[in-house]
Amino acid sequence: MIEFFTQDHKRRLILFIHGLTGSENTWKNSNGTTFPGLLSQDQTINDNFDIAYFNYYSKFFNITEQAGRVKKFLNKILSRPVSTTKKNVSIQDLAKHLHTEIEVKCQKYQEIIVIAHSMGGLITKGSISIDIEKNRVSKVKLFLSLAVPHHGSSLASPAKLLSNNVQLEQLKTLSDYGSKLCNIWQQNNLRPATKYFRGLYDEIVDENSAIAIDKIEQDIRTVPEDHESIAKPKDNNNTTFLGVSQYIHDYLNGGVQEDLLEILTLKNEDEYSDSLFVIKLLIADIHKSTVTDAKELFLNAEYMSKRFTSSFDQKHLQEIYTNIKTIYQDSYTKYLHGGFDNSGQFLSEVHDKIVRENEKTLKSKIYEIGVMHKKGMLHQLADELKGNVWWSETKDLEKLEE
């Protein structure tokens, strides 16, 4: 359940999630200082965030569960009040529990940052994946992954010989649930910004597992810690603490979710001059400056389409291409009936419609895709030989050979 470390009714929340057999003590070092306590000493963080733990039952052996069953049986016989018997449940069920806790207890929070250790990261991904599979954007906007076994742990299999904890089964390398989470994470851009911390001396989760498939080099931090100490910074000069607090400050300043698609510019004005979409513009007597702008839009759309190549992305992009084609066709009909004085006005109207529909029929589930890319997608459609996007009434292919 979610339990608060500080609660001053802020609009943002930092949520700590422990791993296998963990608790609030996961975050407490030998001198009694806690990770949440260190963060709360940062005035900027304290002014902007409430801080809480997500705690759940996780024990290596199920002795408590077995004893609880006996107690429950005796209480039933003796007609005494029966308390809930806690037991180890699957990571998938813990993810559903976390999702419910966020929906019920975190309703007022608009943005959540999760700091998750070890198995807690898989619980986090599972919870976020519930939203992703429903095409919803999670309240979790930043996920800080501390020694999380994204691809499982090689020690889970031998540990399973000693314990029947179901969580160990899902922590095994290439487990079905772990692989499912990785696929969802890789194939969908509704996931939050994610930053990875791996322990240099971690013997539980190796480097390849601590960093998920969607890794970007600048999102990885290697710190001089083992699997346990990575969650227990001793002071505010600790490398892990500094890295986490830096990401939180970057998030507040808008830097963490900064557009991953850099805006590209033409290397020279002759670039794309022999391309079909440019020739179509020239045939329609479009002004030279507008042609240059179209080249730059095309360049950025090409970069974007090569950046998002998963099956989810491609399906989603195809929907946007289809809607852009519809916008074009509506305007082309108007053009044929004398609705514009020239082709330049026709092109300008299509661009304007794309802007107006940006948050409507062209609204993207991939937040990095902006209006510039969508305008460029129009010119990508015009670059297809069999396509039907032209800027003149006469669609004369013979002119392309002149």
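Residues numbered from 1 in each chain as written. Predicted model: local features only at pLDDT ≥ 70, side-chain atom pairs only at ≥ 80, totals over all residues. Heavy atoms only, no water.

Examining the overall build of the protein
Where we set the bar: Working definition: helices are DSSP H or I runs of at least four residues, strands are E runs of at least two. Numbering for both runs from the N terminus. Burial classification: accessible surface area is computed with a 1.4 Å probe over protein chains only, and a residue below 20% of its type maximum counts as buried, one above 50% as exposed, and the rest as partly exposed. Two residues qualify as a contact provided that any one of their heavy atoms is within 4.5 Å of a heavy atom in the partner residue. In these tables, accessible area is a Shrake-Rupley quantity obtained with a 1.4 Å probe, and a residue counts as shielded only by the protein chains included in the view.
Looking only at helices and strands, the protein features 15 helices and seven strands. Per-residue burial for the protein yields a buried fraction of 49% across its 402 residues. Relative to all contacts within the protein whose residues are 6 or more apart in sequence, the contacts with residues 24 or more apart total 78%. Carbon and sulfur atoms make up 48% of the accessible area of the protein, which totals about 20100 Å².

Structural notes on unusual backbone geometry
With a phi angle near 60°, His9 is a residue other than glycine that sits in the positive phi range. Following the sequence through the fold, His9 ends up in the loop between strand E1 (2-6) and strand E2 (12-17). In this structure, Tyr272 is a non-glycine residue whose phi angle is positive, near 70°. By the element assignment, Tyr272 lies in the loop between helix H10 (239-252) and helix H11 (276-283).

Some thoughts on the side chain of Asp42
Put simply, the rule reads: Only four residue types enter the tally: Lys and Arg on the positive side, Asp and Glu on the negative side; His and the chain ends are excluded. Each salt bridge in this description consists of a side-chain nitrogen of Lys or Arg and a carboxyl oxygen of Asp or Glu lying within 4 Å of one another. Any pair of N or O atoms that falls within 3.5 Å is considered a polar contact. Within protein, one atom must be able to donate a hydrogen and the other to accept it, and sequence-neighbouring residues count only if both atoms are side-chain atoms.
Note that Asp42 resides in the loop between helix H1 (35-40) and helix H2 (43-48). There is no salt bridge for the buried Asp42, and the closest opposite charge comes from Lys10, which lies 11 Å off by N-O distance. Polar side-chain contacts of Asp42 include one of 3.0 Å to the backbone nitrogen of Thr44.

Some words on the packing of aromatic side chains
Put simply, the rule is: For this analysis, a ring pair means two rings from Phe, Tyr or Trp (six-membered ring only for Trp) whose centres lie within 6.5 Å, classed as stacked if their planes differ by under 30 degrees, edge-to-face if by over 60, and tilted for the remaining angles.
Here the structure, examined in full by the defined rule, presents 20 aromatic pairs. Taken together, a centroid distance of 5.0 Å and an interplanar angle of 80° make the contact between Tyr272 and Phe298 edge-to-face. Taken together, the positions of Tyr272 in the loop between H10 and H11 and Phe298 in helix H12 (residues 288-307) put the pair 26 residues apart, joining distant regions of the chain. With centroids separated by 6.0 Å and ring planes inclined at 35°, the aromatic side chains of Tyr332 and Tyr335 adopt a geometry described as tilted. Note that Tyr332 and Tyr335 are positioned in helix H13 (residues 311-336) at a spacing of three residues, about one turn of the helix. Accessibility assignment for this pair places Tyr332 and Tyr335 in one class, buried.

So, the environment of Ile123
Summarising the element assignment, Ile123 is placed in helix H5 (residues 119-133). Since its relative accessible area comes to 0%, Ile123 is described here as buried. Along the sequence, Ile123 and Leu94 sit 29 residues apart, while their C-alpha atoms lie 6.2 Å from each other. Beyond its immediate sequence surroundings of up to four residues, Ile123 is in contact with Phe54, Tyr56, Ile91, Leu94, Ala95 and Leu98.

Description of helix H8 (residues 176-186)
An α-helix turns once every 3.6 residues. As a result, residues three or four positions apart point the same way. For clarity, the cut-off: Directions pointing from the helix axis toward each C-beta atom define the arc.
What H8 keeps buried is the set Tyr177, Gly178, Leu181, Cys182, Ile184 and Trp185. Projection of H8 onto a plane perpendicular to its axis shows the buried side chains occupying an angular sector of 165°, all on one side.

Structural notes on the side chain of Glu349
Tracing the backbone shows Glu349 in helix H14 (residues 343-356). By relative accessible area, which is 18% here, Glu349 ends up buried. In contact with Glu349, not counting residues within four places along its chain, are Ser331, Phe340 and Arg356.

Here we look at the packing of H11 against H12
The test is simple: Note on geometry: axes are C-alpha line fits, over the in-contact stretch for helices, and angles between N-to-C directions span 0 to 180 degrees. Orientation categories follow fixed angle ranges, with anything under 35 degrees roughly parallel, anything over 145 roughly antiparallel, 65 to 115 roughly perpendicular, and all other angles oblique. Crossing handedness is read from the near helix: turned anticlockwise from the far helix by less than a right angle, it gives a left-handed crossing, and turned clockwise, a right-handed one. Lys, Arg, Asp and Glu make up the charged group, whereas Ala, Val, Leu, Ile, Met, Phe, Trp, Tyr, Cys and Pro make up the nonpolar group; the residues left over, Gly among them, are polar.
In contact at an axis separation of 10 Å, H11 and H12 are set at 160° when each is read in the N-to-C sense. The angle between H11 and H12 falls in the class roughly antiparallel. Viewed along their axes, H11 and H12 form a crossing whose handedness is right-handed. Side by side, H11 and H12 meet where Phe277, Val278, Leu281 and Leu282 of the first sit next to Val291, Ala294, Lys295 and Phe298 of the second. Grouping the constituent residues of the contact of H11 with H12 by class yields seven nonpolar, no polar and one charged.

As for the confidence of the model for the protein
Our working definition: Values of pLDDT, which run from 0 to 100, indicate the predictor's confidence residue by residue.
Residues at a pLDDT of 70 or more form 84% of the protein, whose mean pLDDT is 85. The model gives residues 63-74 a pLDDT under 50, and that stretch makes ten contacts with residues more than four places away or in other chains.

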